[in-house]
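# Working through the structure, step by step
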Amino acid sequence: MKAFLQKFSSTFGADMGGPLIAFVAVMAIFSLAADNFLSLATFGSVAFQLPELGLLTLAMLLPLLTGGINLSVTFAANLSGLAAAWVLQANGGVDAAGGVFVLACLAALATGAAAGALTGVAIAYTRAHPILVTLSMMIFLRGLGEFLTRGGDVSGFPDYVAPIGHGSLFGLPIPLLIFILCVGVWHVLLTRSKLGFGLLMIGSNMEAAEYSGLNTRRIVVLVYTLSGLMCAVAGIIMMARFNSVRVGHGESYLLITVLAAFLGGINPFGGFGRVLPVFVALIVLQLLSSGLNLMGANQHLATALWGVLMIVVMAARTLASHTRIFSRKKA
């Protein structure tokens, strides 16, 4: 057994164990509690619901790895979606040509990147705590969005936009394929790039990273800019899924992105974590929500259980950490 666990850890990473255990537990419990849980309908529902939360979690992931956080992810996504919607509305609305949609996506990406870069500059050059800076950015983006839309929504898009949120390709939902592609990009970024190494160094010890010659300010700005870009991708997906854009869309996802990251083994103080365990953790959360829905439970109960799960995960990780320290001292 010990040899198997060592081989498993070397192949998949020790941080994959928790999410996989949670996955097996959720599958076992709900397969017994709900007769139709193990069905194509359930997994199809998970596949369509996962990308929105997943993309926002990826946007949250990089700042967390630097020891920071990005509380403005949902509002950056919605403002990016608004930018895309306005480009479509200004160039024909429901009759907008395909080329206009490309411009709309570029406008969304530019908006998300600008919001992220502004946040990164504020954090890197003022040394203000990321919680305070991103909270301020969240309030700013929310207020700006409410002002520009007067509290309403923007709707009425060409027919070719809908398949991006609801369509399928090769039997898989298009949003899921986009999300998987983004997971792959983030995985390569963290494991094969200088930026990935640098942001993990910053999360481990900012001063040591500076003494090592890393341009920590540049890395922090890039991290939040990339976070903003991922928010923009989420905004485009949400625009296509809901066929409208509103400042408050997905607001409830904010804290769940943090839960998914912690459940996926991300160190809350930064410096350690991988993308693939977070991907598994996201699947666990969506399966939990779908299982409760099949049992007729109120959706708010799922939100409450997610909060309880966060407390349990944090307590278990703290206990495990203290146990390892005690074992080393005893040895």
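Rules of the game
- Residues numbered from 1 in each chain as written.
- Predicted model: local features only at pLDDT ≥ 70, side-chain atom pairs only at ≥ 80, totals over all residues.
- Heavy atoms only, no water.
- Helix = DSSP H or I, 4+ residues; strand = E, 2+ residues; numbered from the N terminus.
- Rg over C-alpha atoms; globule rule 2.2 N^0.38 Å.
- Buried < 20%, exposed > 50% of the residue type's maximum accessible area, 1.4 Å probe, protein only.
- Contact = heavy atoms within 4.5 Å.
- Areas by Shrake-Rupley, 256 points an atom, 1.4 Å probe, with all protein chains shown as cover.
- Lys, Arg positive; Asp, Glu negative; His and termini not counted.
- Charge placed at Lys NZ, Arg CZ, Asp CG, Glu CD.
- 1 Å grid on protein atoms, 1.4 Å probe; cavity = no way out; pocket = protein on both sides within 12 Å on 5 of 7 lines; lining within 4 Å.
- Points joined across faces, edges and corners; volume = space filled by probe spheres on them.
- Nonpolar A, V, L, I, M, F, W, Y, C, P; charged D, E, K, R; others polar.
- Axes fitted to C-alpha atoms, helices over the stretch in contact; angles between N-to-C directions.
- Parallel < 35°, antiparallel > 145°, perpendicular 65-115°, else oblique.
- Core = buried A, V, L, I, M, F, W, Y, C linked by side-chain atoms within 4.5 Å.
- Salt bridge = Lys/Arg side-chain N within 4 Å of Asp/Glu carboxyl O.
- Disulfide = S-S within 2.5 Å.
- pLDDT = per-residue confidence, 0-100.

### Quick look at the overall build of the protein
- Each helix and strand in the protein was counted, giving 14 helices and four strands.
- A globule of 331 residues ought to have a C-alpha radius of gyration of about 20 Å, and the protein, at 20 Å, matches this closely.
- In terms of its C-alpha atoms, the protein occupies a principal-axis envelope of roughly 70 × 55 × 35 Å.
- The burial tally for the protein puts 47% of its 331 residues in the buried class.
- The long-range share in the protein, meaning contacts at least 24 apart out of those at least 6 apart in sequence, stands at 78%.
- Accessible surface, the protein as shown: approximately 16000 Å² in total, 68% of it carbon and sulfur.
- Here the protein contributes 17 positive and 10 negative side-chain charges, whose respective centroids are spaced 19 Å apart.

### Quick look at the environment of A162
- Counting through the fold element by element, A162 comes out in helix α7 (residues 162-166).
- Taking relative accessible area as the criterion, A162 reaches 34% and is therefore assigned partly exposed.
- Ignoring anything within four residues of it in the chain, the contact list for A162 reads G167 and A240.

### Remarks on empty space enclosed by the protein
- Enumeration over the complete set of coordinates arrives at two cavities of 30 Å³ or more.
- Taken as a whole, the largest cavity holds about 40 Å³ of empty space.
- Around the largest cavity sit N70, S72, A76, A115, G116, T119, M137, Y224, G228 and C231, which together line it.
- Counting only elements with at least two residues in the lining of the largest cavity, the list comes to α5 (98-126) and α11 (216-242).
- Of the residues contributing to the lining of the largest cavity, the split by class is five nonpolar, five polar and no charged.
- The wall of the second largest cavity is formed by A77, N78, G81, G235, M238, M239, S244, V245 and H249.
- Here the lining of the second largest cavity is built from residues that sort into four nonpolar, five polar and no charged.

### Things to note about the packing of helix α8 (residues 174-192) against helix α13 (residues 275-294)
- Contact pair α8 / α13: the axes reach a minimum separation of 9 Å and the direction vectors enclose 150 degrees. Compared by their axis directions, α8 and α13 come out roughly antiparallel. For the pair formed by α8 and α13, the contact residues are F179, V183, W186, H187 and L190 on the first element and V275, L276, F279 and L282 on the second.
- Residue classes in the contact of α8 with α13 are distributed as eight nonpolar, one polar and no charged.

### Here's the deal with the nonpolar core
- Formed by 95 residues in total, the largest nonpolar core has its most connected members in L58, L61, L88 and M239.
- In this structure M239 touches G81, A84, A85, L88, F101, F157, V161, S244 and V245, once residues within four positions along its chain are discounted.

### Overview of the pattern of salt bridges
- Evaluated as defined, the whole model comprises three salt bridges.
- Across the salt bridge formed by E52 and R241, the nearest N and O atoms sit 2.3 Å from each other. Separated by 189 residues along the polypeptide, E52 in helix α3 (residues 40-65) and R241 in helix α11 bring together distant segments of the chain.
- Overall, the relative accessible area of 3% leaves E52 in the buried class.
- Ionic pairing is found between R127 and E210, a salt bridge with its closest N-O pair at 2.7 Å. You can see R127 sitting in the loop between α5 and α6 (130-149) and its partner E210 sitting in helix α10 (residues 206-211), a full 83 residues away along the chain.
- For R127, a relative accessible area of 45% gives the class partly exposed.

### Overview of the state of the cysteines
- What the rule picks out here adds up to zero disulfides.
- Looking at the unpaired C105, the closest cysteine sulfur is the one in C182, lying at 12 Å.
- The exposure class of C105 is buried, given its relative accessible area of 19%.
- Of the cysteine sulfurs around C231, a residue in no disulfide, the closest is that of C182, at 12 Å.
- Relative accessible area serves as the criterion here: at 0%, C231 is assigned to the buried category.

### Describing the environment of A85
- Its location among the elements puts A85 in helix α4 (residues 73-90).
- The sequence separation of A85 and D153 amounts to 68 residues, and the corresponding C-alpha distance is 10.0 Å.
- Apart from residues no more than four positions distant in its own chain, A85 is found in contact with V154, F157, M239 and V245.

### Observations regarding unusual backbone geometry
- Positive phi outside glycine occurs at R127, with the angle close to 60 degrees.
- Positioned with a positive phi, F170 is a non-glycine residue whose angle comes to about 55 degrees.
- With respect to the helices and strands, the residue F170 is situated in the loop between β2 (168-169) and β3 (172-173).

### Remarks on the confidence of the model for the protein
- Confidence in the prediction of the protein, expressed as mean pLDDT, is 85, and 91% of residues score 70 or more.
- In this model, residues 1-12 is a region of pLDDT below 50 whose contacts with residues beyond four sequence positions or in other chains number six contacts.

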